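Chains, contacts and geometry: an overview
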Amino acid sequence: MAIPEKFRNRLRLPAIAAPMFLTSGPDLVVETCRAGLIGTFPSLNQRTSKGYGEWLEQIEERLDTLPDAAPYGVNLIVHKSNPRVEADLKVTVDHKVPLVITSLGAVRDVVDAVHSYGGLVFHDVINRRHAEKAAEAGVDGIIAVCAGAGGHAGTMSPFALIPEIASFFSGTIVLSGAISTGRQIAAARMMGADFAYLGTRFIATRESMAADAYKEMIIASSAADVVYTPAISGVNANFLRPSIAAAGLDPDNLPDHGKMDMSNESRAWKNVWSAGQGVGSISAVPPVAELCKDLISEYRKAMEEAAEDPFQDLSARSMRLMA
Ligand SMILES: Cc1cc2nc3c(=O)[nH]c(=O)nc-3n(C[C@H](O)[C@H](O)[C@H](O)COP(=O)(O)O)c2cc1C
């Protein structure tokens, strides 16, 4: 396990702002990288491959003016129902995107194409079998999407999945699922992850493209408001209960969706809002710069306190989370 050498000196926190459909765009990416964390977005957040290339140009131009910025990444959905995989991969290679995050399919050809220009590939998984397949495909990192994550979440405890992946994979390990604070990023590191992967926490920022009502619903919600269901997208994912009801559906009696089809995804995710169980730790919609500053200082403090006194009194910290 390791943070890749080429990224290490450019980071202020071992954390990645995870790619989110309809939510992450150039402003979120640039502000995250400016703060010293890896910023990412899904290529499908632009309607065409040409538009995707235009976003990359914009991001690169803005990051070129920030020599201390962290590297950025994109997410490619490698699924047979996504007709843009090949075209988006070509645009990605043309732009030499530093980090490519693949979801749903780990494919050797994609890995080879990204490695051809020196880029890295991280692949997200929800279980050991998919992690083994990703390792065979030659990926540089594996993202363990554990229970309680926003989007297409898994069901495994990170305490179980991280060591199993580490037992056969020597690349970078990233932990995803319900991580909202710097202290939790420290916990992810303690657990054996190189990076923490934060999605939901970044929806509730000024720069995210989510609607204001979505951000407000995140602040008002706790873990009990998050429903894990295949009914919205065809694959199990976490959604906010009030948004399911607002879309005219009964959260306790959802209809069968059938197989996942990328051509219908946009409608589904626009009407029903996804979030992870970490919503209960989110109480404000700050600018990304402020959020990242807080995450960095909370992380450092947690690490220092743990090193100084392994039996430290944590009651004050619990009160702060509840405030
Ligand atoms: C609204 C939303 C959209 C998402 N869209 C994508 C996506 O397009 N591609 C992807 O790989 N992961 C997607 N995810 C999953 C995130 O990348 C990440 O794994 C997850 O948000 C981490 O869990 P957390 O939300 O509890 O922090 C999405 C998550 C959310 C909440």
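Placed above this text is the structure.
The following refers to the structure shown. (Residues numbered from 1 in each chain as written. Predicted model: local features only at pLDDT ≥ 70, side-chain atom pairs only at ≥ 80, totals over all residues. Heavy atoms only, no water.)

1. Digging into the pairing of strand β4 (residues 99-103)
Quick reminder of the rule: Type-normalised accessible area, obtained with a 1.4 Å probe on protein chains alone, sets the label of each residue: buried when under 20%, exposed when over 50%, and partly exposed for intermediate values. Helix numbering and strand numbering both begin at the N terminus, where a helix is a DSSP run of H or I of at least 4 residues and a strand a DSSP run of E of at least 2. By definition, the crossover connecting two strands over a helix is right-handed if that path, from the first strand to the second, turns clockwise as seen with the strands pointing away from the viewer. In short, DSSP must find at least two bridges between two strands for them to pair.
Of all five residues that make up β4, five are buried, and the element is covered over most of its length. Burial along β4 is two-sided: Leu99, Ile101 and Ser103 facing one way and Val100 and Thr102 facing the other are all buried. Note on the crossover from strand β3 (residues 72-77) through helix α4 (residues 85-94) to β4: the handedness is right-handed. As defined by bridge partners, β4 adjoins strand β5 (residues 120-125) across four bridges and the pair is classed as parallel. Looking at the pairing, Thr102 lines up with His123 of β5. Note on the crossover from β4 through helix α5 (residues 108-115) to β5: the handedness is right-handed.

2. Description of the packing of aromatic side chains
This is how the line gets drawn: For Phe, Tyr and Trp, where Trp contributes only its six-membered ring, two rings pair if their centres lie within 6.5 Å, and the inter-plane angle classes them as stacked under 30 degrees, edge-to-face over 60, or tilted in between.
Considering all chains together, one arrives at six aromatic pairs under this definition. Considering the side-chain rings of Phe41 and Trp55, the 5.4 Å spacing of their centres and the 70 degrees angle between planes classify their relative orientation as edge-to-face. Taken together, the positions of Phe41 in strand β2 (residues 38-42) and Trp55 in helix α3 (residues 49-64) put the pair 14 residues apart, joining distant regions of the chain. Classification of Phe41 by relative accessible area gives buried; the value is 0%. Take Trp55: its relative accessible area is 12%, and that puts it in the buried class. Here the aromatic cluster, defined as three or more aromatic residues joined through ring pairs, consists of Phe21, Phe239 and Trp269.

3. Structural notes on the pairing of strand β10 (residues 237-240)
The alternating pattern of β10 places Ala237 and Phe239 on one face and Asn238 and Leu240 on the opposite face, and all of these are buried. Two strands pair when backbone bridges link them, and strand β9 (residues 226-229) and β10 are joined in this way by four bridges, in the antiparallel orientation. Within the sheet, the bridge partner assigned to Val226 lies in β10 and is Leu240.

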